[in-house]
Amino acid sequence: LAHFVGCIIDVGTSGCRAAAIDGDGRQKGQASVTTPKPNRNGAAIDQDPAIWWSGARQALLGLLDRVDRRGVRSIAVDAPMLEKQRLLVGSQKMM
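All values derive from a computational prediction rather than experimental measurement.

1. Overview of the sheet that holds strand 2 (residues 15-22)
Taken in spatial order, the 4 strands line up as 3-2-1-6 in an open sheet, and their pairing is mixed. Where the open sheet ends on each side, the last strands, each with one partner, are strand 3 (27-34) and strand 6 (72-78). Averaged over neighbouring strand pairs, the angle between their axes works out to 15° when direction is ignored. By the bridge criterion, 6 bridges tie strand 1 (residues 5-11) to strand 6 in an arrangement that is parallel. If you follow Cys7 over to strand 6, its bridge partner there is Ile75. Helix-sheet contacts for helix 1 (residues 49-64) involve strand 1, strand 2, strand 3 and strand 6, and the interaxial angle to strand 2 is about 35°.

2. Describing the nonpolar core
Counting 18 residues, the largest nonpolar core has Cys7, Ile9, Val11, Leu60, Leu63 and Leu64 as its most contacted members. Elements represented by at least two residues in this core include exactly strand 1, strand 2, strand 3 and helix 1.

3. Some words on the side chain of Gln47
Locating Gln47 in the fold gives a position in the loop between strand 5 (44-46) and helix 1. Assessed through its relative accessible area of 9%, Gln47 is described here as buried. A distance of 3.0 Å separates a polar atom in the side chain of Gln47 from the backbone oxygen of Thr13. A polar side-chain atom of Gln47 sits 2.7 Å from the main-chain carbonyl oxygen of Pro36. Leave out the neighbours within four places in its chain, and Gln47 touches Thr13, Thr35, Pro36, Lys37, Pro38 and Trp52.

4. Some words on the side chain of Thr35
Examined against the element boundaries, Thr35 turns out to sit in the loop between strand 3 and strand 4 (39-41). Residue Thr35 is classed as buried on the basis of its relative accessible area, which comes to 8%. Beyond its immediate sequence surroundings of up to four residues, Thr35 is in contact with Gly12, Thr13, Ser14, Gly15, Cys16, Gln47, Ile51 and Gly55.

5. With respect to the environment of Ile75
By the secondary structure assignment, Ile75 is in strand 6. In this structure the C-alpha to C-alpha distance between Ile75 and Ala20, which are 55 residues apart in sequence, comes to 9.0 Å. Excluding residues within four positions of it along the chain, Ile75 makes contact with Cys7, Ile9 and Leu60.

Rules used in this analysis
- Residues numbered from 1 in each chain as written.
- Predicted model: local features only at pLDDT ≥ 70, side-chain atom pairs only at ≥ 80, totals over all residues.
- Heavy atoms only, no water.
- Pairing = 2+ DSSP bridges.
- Helix = DSSP H or I, 4+ residues; strand = E, 2+ residues; numbered from the N terminus.
- Axes fitted to C-alpha atoms, helices over the stretch in contact; angles between N-to-C directions.
- Contact = heavy atoms within 4.5 Å.
- Core = buried A, V, L, I, M, F, W, Y, C linked by side-chain atoms within 4.5 Å.
- Buried < 20%, exposed > 50% of the residue type's maximum accessible area, 1.4 Å probe, protein only.
- Polar contact = N/O pair within 3.5 Å; in protein donor to acceptor, adjacent residues only side chain to side chain.

If you want it as C-alpha cells, here you go:
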C-alpha cells in the first residue's frame, strides 16, 4: 500500500492547498498557492470561480513536482464554497 498515493486538494477563498498521502497514511508532500482575496459587500462574498480552478491546478502541479506522479491513484477535492452551487466539471487537461 505504501506505493499508492492519494492527492487531496483544498480549495478556499484565500488559497488552495494540495497534499499527497500514501497507502499507509503518511504524508508524502504538500504545496499551496495564495489566491486573490474575494470582493466583500457586507455579508456577500464574490470571487471568480476561475480563480479557484487556477489555484487548484497550480497547487496540484506544485505537489506533483514533489511526488512520483506515477503512483497517484486518486484525487479528492474539498471546496466548501461550492456546497450551494451547481458545479459543472469540464474535461480540461490539468497535467
